[in-house]
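Next come the chains, spelled out residue by residue.
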Amino acid sequence: MKISPTTAVRHSGDLFALALDTLRALPRRPFQLREFIQQAWFIASVTILPTALVSIPFGAVIALQIASLTRQLGAESFAGAASVLAVLREASPIVTALLIAGAGGTAICADFGARKIRDEIDAMEVLGIDPVHRLVVPRTLAAMVVAALLNGLVSVVGVAGGYFFNVILQDGTPGAYLASFTTLAQLPDLWAGEIKALVFGAIAAIVASYKGLNAKGGPKGVGDAVNQSVVITFMLLFVTNFVMTAVYFQIVPQRG
């Protein structure tokens, strides 16, 4: 199916409009606390184990590559700092976002798509119930909270895995690993990763909600919407990550 430039622009505008509607609906009462807790528990249950398992090889690969490079440059003492900073700033929020989008986002999109083709969304609007306030807002907040918590988990597991592979397998020095980390790393690095995770979780939930609420064509249309939501989310995540990283290096002075 060919997509014209005007169609792409229209869909981009509709997605941005949904994000604004979600932002405006956040302070509205009553807050759907029960829906929020259910969705947070569901997203955490389907993502926590895969995230922990993925973070181990992620941290190991980063540690092995950086240790090899620093050894060639004669800077083995900085292997710990480079590994930990790479995990905290980049790997941890990216891994978290990919799992949130791939597991939680697809479930949100499929749920909304099924409601849409069964005309449940239209029925809610007829009854005067705002689907954005009732359904999208609690799912977006749940994805953001779970993403922030999972980012902490990935950071701990990734750093521990990097330490194990660098010190145990590559005969690194534990003291040098920890000393370089505490010398170059700083608290804003952790906050930057947490903020990235919050933003990425919101993007994943809003994109999944948009594609699900606009699903057409029966069950096949729902499946297509799920696939499209994952692809669009991944593209937006990498673009957003680049922008946020560039802004971070401009406003936060780095230790030397």
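No experiment lies behind these values; they were computed from the predicted model shown.

## Side note on the overall build of the chain
Thought 1: A tally of regular secondary structure across the chain gives 8 helices and 0 strands.
Thought 2: Ordered by position from the N terminus, the helices and strands of the chain form the series α-α-α-α-α-α-α-α.
Thought 3: The principal-axis extents of the C-alpha atoms in the chain amount to approximately 65 × 40 × 35 Å.
Thought 4: When the 256 residues of the chain are sorted by exposure, 45% land in the buried category.
Thought 5: Long-range contacts, defined here as pairs at least 24 residues apart, represent 86% of the contacts in the chain between residues at least 6 apart.
Thought 6: About 13200 Å² of surface is accessible on the chain, with carbon and sulfur atoms providing 71% of the total.
Thought 7: Averaging the positions of the 18 positive and the 15 negative side-chain charges in the chain gives two centres separated by 3 Å.

## A few points about the confidence of the model for the chain
Thought 1: Across the chain, pLDDT averages 83, with 92% of residues at or above 70.
Thought 2: Taking the mean pLDDT of every element in the chain, the minimum, 70, falls on helix H6 (residues 174–184) and the maximum, 89, on helix H7 (residues 187–213).

## Focus: the nonpolar core
Thought 1: With 39 residues, the main nonpolar core has Ile43, Ile100, Ile108, Phe112, Val132 and Val146 as its most contacted residues.
Thought 2: A total of 10 residues in this core trace back to one element, the largest contributor, which is H7.
Thought 3: Once residues lying within four places of it in the same chain are set aside, the contact partners of valine 146 are Ala40, Ile43, Ala44, Thr47 and Ile100.

## Observations concerning the packing of helix H5 (residues 131–169) against H7
Thought 1: Where H5 meets H7, the closest approach of the two axes is 8 Å, and the angle between their N-to-C directions is 145 degrees. As for how H5 packs across H7, the hand of that crossing is right-handed. When H5 is examined against H7, the residues Val136, Arg139, Thr140, Ala143, Met144, Ala147, Ala148, Asn151 and Gly152 are found in contact with a partner set consisting of Gly193, Glu194, Ala197, Leu198, Gly201, Ala202, Ala205, Ile206, Ser209 and Leu213.

## Regarding the pattern of salt bridges
Pairs can form between side chains of opposite charge once their charged atoms are near each other.
Thought 1: Under the criterion given, the structure shown has 11 salt bridges.
Thought 2: Residue arginine 134 is joined to glutamate 35 by a salt bridge in which the shortest nitrogen-to-oxygen separation is 3.5 Å. In this pair, arginine 134 sits in helix H5 while glutamate 35 sits in helix H2 (residues 33–73), placing the two residues 99 residues apart along the sequence.
Thought 3: Under the relative-accessibility criterion, glutamate 35 is labelled buried at 11%.
Thought 4: A salt bridge links arginine 139 to glutamate 35, with the shortest nitrogen-to-oxygen separation between them at 2.8 Å.

## What about the environment of methionine 144?
Thought 1: Checked against the element boundaries, methionine 144 lands in helix H5.
Thought 2: Between the C-alpha atoms of methionine 144 and tryptophan 41, which are 103 residues apart in sequence, the distance is 12 Å.
Thought 3: Methionine 144 has contacts with Leu198, Gly201 and Ala202, leaving out every residue within four places of it along the chain.

## Remarks on the packing of aromatic side chains
Thought 1: Throughout the structure, instances matching the rule amount to 2 aromatic pairs.
Thought 2: Both rings, one in phenylalanine 31 and one in phenylalanine 36, keep their centres 5.9 Å apart while their planes meet at 50 degrees; by these two values the pair is tilted.
Thought 3: We classify phenylalanine 31 as partly exposed; its relative accessible area is 32%.
Thought 4: By relative accessible area, phenylalanine 36 is classed as buried at 17%.
Thought 5: Taken together, a centroid distance of 5.6 Å and an interplanar angle of 65 degrees make the contact between tyrosine 248 and phenylalanine 249 edge-to-face.
Thought 6: Accessibility expressed as a relative area gives 9% for tyrosine 248, which makes it buried.
Thought 7: Exposure remark for phenylalanine 249: the relative accessible area of 40% places this residue in the partly exposed category.

## Let's talk about the packing of helix H1 (residues 5–25) against H5
Thought 1: Running from N to C, H1 and H5 cross one another at 90 degrees; their axes reach a closest spacing of 9 Å. One element, H1, and the other, H5, form an angle in the roughly perpendicular class. Counted together, Leu18, Asp21, Thr22 and Ala25 of H1 and Val132, His133, Val136, Val137 and Thr140 of H5 form the full contact between these two elements.
Thought 2: Residue classes in the contact of H1 with H5 are distributed as 5 nonpolar, 3 polar and 1 charged.

## Topic: a nonpolar patch on the surface
Thought 1: On the surface, Val239, Phe242, Val243, Val247 and Ile251 cluster together into a nonpolar patch covering about 510 Å² of accessible area.
Thought 2: Checked against the element boundaries, valine 239 lands in helix H8 (residues 218–251).
Thought 3: For valine 239, a relative accessible area of 52% corresponds to the exposed category.

Cut-off values and rules
- All chains use their own residue numbering, which begins from 1 and follows the written sequence.
- In keeping with the model being predicted, local features are shown solely for residues with a pLDDT of at least 70 and side-chain atom pairs are shown and tallied solely at 80 or more, while totals for entire chains, interfaces and linings include all residues.
- Only hydrogens and water are removed before side-chain values are computed, so all heavy atoms of the structure are retained for them.
- Helix numbers and strand numbers start at the N terminus; a helix is a DSSP run of H or I with at least 4 residues, a strand a run of E with at least 2.
- Throughout, exposure labels follow a simple rule: accessible area from a 1.4 Å probe, protein chains only, divided by the maximum for the residue type, with under 20% read as buried, over 50% as exposed, and the rest as partly exposed.
- What makes two residues a contact is simply this: any of their non-hydrogen atoms within 4.5 Å.
- For accessible areas, the Shrake-Rupley method is used with a probe of radius 1.4 Å. Any residue's cover is judged against the shown protein chains and nothing else.
- Counted as positive: Lys and Arg. Counted as negative: Asp and Glu. His and the chain ends are not counted at all.
- Throughout, a charge is located at the NZ atom of Lys, the CZ atom of Arg, the CG atom of Asp or the CD atom of Glu.
- A score between 0 and 100, pLDDT records how confident the predictor is in each residue.
- Here, the term nonpolar core denotes a set of buried Ala, Val, Leu, Ile, Met, Phe, Trp, Tyr and Cys residues that are joined through side-chain atoms within 4.5 Å.
- For helices, the fitted axis covers only the stretch in contact; all axes are lines through C-alpha atoms, and the angles between them, taken along N-to-C directions, range from 0 to 180 degrees.
- Handedness of a crossing is defined here by the sense of rotation of the near helix relative to the far one, left-handed for an anticlockwise turn of less than a right angle and right-handed for a clockwise turn.
- When a carboxyl oxygen of Asp or Glu lies within 4 Å of a side-chain nitrogen of Lys or Arg, that pair is called a salt bridge.
- In this analysis, rings of Phe, Tyr and Trp, with Trp reduced to its six-membered ring, are considered paired at centre separations within 6.5 Å, and the interplanar angle assigns stacked below 30 degrees, edge-to-face beyond 60, and tilted for intermediate values.
- Angle categories are assigned with fixed cut-offs, so that under 35 degrees is roughly parallel, over 145 is roughly antiparallel, 65 to 115 is roughly perpendicular, and the rest are oblique.
- We call Asp, Glu, Lys and Arg charged. Ala, Val, Leu, Ile, Met, Phe, Trp, Tyr, Cys and Pro are nonpolar, and the rest, Gly among them, are polar.
- Only residues above 30% relative accessible area that lack a salt bridge enter a patch, with like-charged residues linked at up to 9 Å and the nonpolar side chains Val, Leu, Ile, Met, Phe, Trp and Tyr linked at up to 5 Å.

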